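Single-letter residue listing:
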Amino acid sequence: MFPRAYIFSHKDGPAEHLSQHILPHTVSQQQRIEAHLNETNVTGPPTSVPRFIPTYQWTPAELPDVSCSPNGVTGSNRKRRRPNQSQNDLKKQRFTSPGPSNQPARNANFTSQPVAGPVTGREACNSHSSDPTCSSPTSKPGGCVPSLREGSHQSTFNPSSVNDKNDDLEKKEHCRAALQRDIQTIFPGAQVFLAGSSLNGFGSRTSDADLCLVIEEGAVNHRTDAVYVLSLVRTLFYKLSYIERPQLIRAKVPILKFRDRVSGVEFDLNFNNTVGIRNTFLLRTYAYVEKRVRPIILVIKKWASYYCINDASRGTLSSYTLVLMVLHYLQTLPDPVIPCLQMDYPECFNPKMDIHLVPSGPSNIPAFVSKNQSSLGDLLLGFLKYYATVFKWDKYVISVREAKTFPKTSCREWREKFICVEEPFDRTNTARAVHERIKFEAIKAQFIKSYQVLQQRKDLNFILPLKNTRPKR
């Protein structure tokens, strides 16, 4: 780990003394969480899925266990099968996501030790003796997620327990582990975290993978520090046989785009964007805390993509903003479908928590038992109705952090913004990409039109033709 002064002291560009202490060396070569969209009955009952959140086997080095004392219902009561539920219900159009019992979750293999010697290639990294161990998470008595195990310097990634639907996540994890090993040749204390939809439960098989390079926690001057560090990493990537097409994007949050030649996966690497790691595990907890969350969000993302209102680069809604909008709706129903995790378990999602503890923070949160037993179809219709007729876009800010809306103020973050959605950790506006009125009006119009059609037809096919949602083989 390098002193903060070496990396974060310069304001007008990379300091000369930085290159004196961090010199690139000659280096060697080196689950799927597919949230598959099936069809669903707009009025049918929720499908049966195990009720407890699968967690990573997270084993940090010499770090205390983080446990949470639930404030709400512990989720010990099972739901009864509805008397009128028949096999015919299953023949109707359904949208579901794979049950968490079939998809053991896994964590990235975080290591903080520099490479002890030269690596002979990508395969050597995958077969190294410090590779993740193979074990399956098991639930504790009472249904809570497993407690953390200590005594290891690495987390446990579990490739042997991965079924076929998690192949892509395994490929991403192998690339992440290889990259971390190679990047540590120029930044010995560096860690590479897998984040975004690859882990939060709301991604698809074709989702790109987001990586976060953490050298030292803290604020980063993105115009200088991030660009400089990512430039050094890009130089390294040119020497790695398994990386192709590295491209540095000098955006507000600079990223290094590249492709893993082995798996074919496209990656976006950012520098010290630790908020992305925190919100990944917040969203992941929401994804598993109630069985209807994942399927409804996956359908809504497909719907928004189908109507071209799910692309921040084109001035519409980012996937992250869309997910927060769905969570807000589910939180604020008269009988909430999901809790407000940051209010109920503040110690598990503390914005100041050490980044290495973030993956294990929510490990003891139980599944939420909601009094609201609305079907997925009813929730979808209610979501469209809420944003088509109830929510006042020009007056309120959406807050998942507090499970409510609050009035727009004159501060710069909310002033003259068409859509305001609060980021749960740094409290910025995640919908700032919607900066043109014509795009905003198109988004509102699509909510209204889709709500009217679904209200009348009661058939998902009329707003989301199945032939356009089935994944390509």
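What comes next concerns the included structure. (Residues numbered from 1 in each chain as written. Predicted model: local features only at pLDDT ≥ 70, side-chain atom pairs only at ≥ 80, totals over all residues. Heavy atoms only, no water.)

1. Things to note about the nonpolar core
Rule in force here: Joining through side-chain atoms within 4.5 Å is the link that ties buried Ala, Val, Leu, Ile, Met, Phe, Trp, Tyr and Cys residues into a set, and such a set is a nonpolar core. Three exposure classes are used, based on accessible area relative to the maximum for each residue type with a 1.4 Å probe and protein chains only: buried under 20%, partly exposed in between, and exposed over 50%. Helix and strand labels come from DSSP, where a helix needs a run of H or I of at least four residues and a strand needs a run of E of at least two; each type is numbered from the N terminus.
Ranked by size, the top nonpolar core spans 59 residues in total, and within it Met-325, Leu-327, Leu-330, Tyr-387, Ile-419 and Phe-447 carry the most contacts. For this core, the elements supplying multiple residues, two or more each, are α7 (274-289), α8 (293-306), α9 (319-331), α11 (376-390) and α12 (437-457). With nine residues, the single largest contributor to this core is α11. The next biggest cluster of nonpolar side chains, apart from the first, holds 43 residues, and it includes Leu-240, Val-265, Phe-267 and Leu-269.

2. Focus on unusual backbone geometry
Although it is not a glycine, Arg-245 adopts a positive phi angle of roughly 55°. We classify Arg-245 as exposed; its relative accessible area is 53%. Its identity is not glycine, yet Ala-403 carries a phi of approximately 55°, on the positive side. Examined against the element boundaries, Ala-403 turns out to sit in the loop between β6 (396-399) and β7 (404-407).

3. Regarding the side chain of Asn-372
Rules: What qualifies as a polar contact is a pair of N or O atoms within 3.5 Å, subject to a donor-acceptor requirement within protein and to the restriction that residues adjacent in sequence count only when both atoms come from side chains.
Within the element layout of this structure, Asn-372 appears in the loop between α10 (341-344) and α11. Here the side chain of Asn-372 touches Ser-374 through a polar contact of 2.7 Å, side chain to side chain.

4. Focus on the sheet that holds strand β5 (residues 266-271)
Sheet strands pair via backbone hydrogen bonds, and the direction of the pair is either parallel or antiparallel. Here is the rule: Being paired, for any two strands, means DSSP has found at least two bridges between them. For every element, the axis is a line fit to its C-alpha atoms; helices are fit only across the contacting stretch, and the angle between N-to-C directions ranges from 0 to 180 degrees. Whether two residues are in contact is decided by their heavy atoms: any pair within 4.5 Å suffices.
One open sheet accounts for five strands, arranged β1-β2-β5-β4-β3; its pairing is mixed. Of all strands in the sheet, those bounded by a partner on one side alone are β1 (191-195) and β3 (243-249). Direction aside, neighbouring strands of the sheet carry axes that sit 25° apart on average. Summarising the sheet, β3 and strand β4 (residues 255-260) pair through five bridges and their orientation is antiparallel. Along β4, the bridge assignment pairs Leu-248 with Leu-256. α7 rests against β1 and β2 (209-214) of the sheet, and its axis sits at about 130° to β2.

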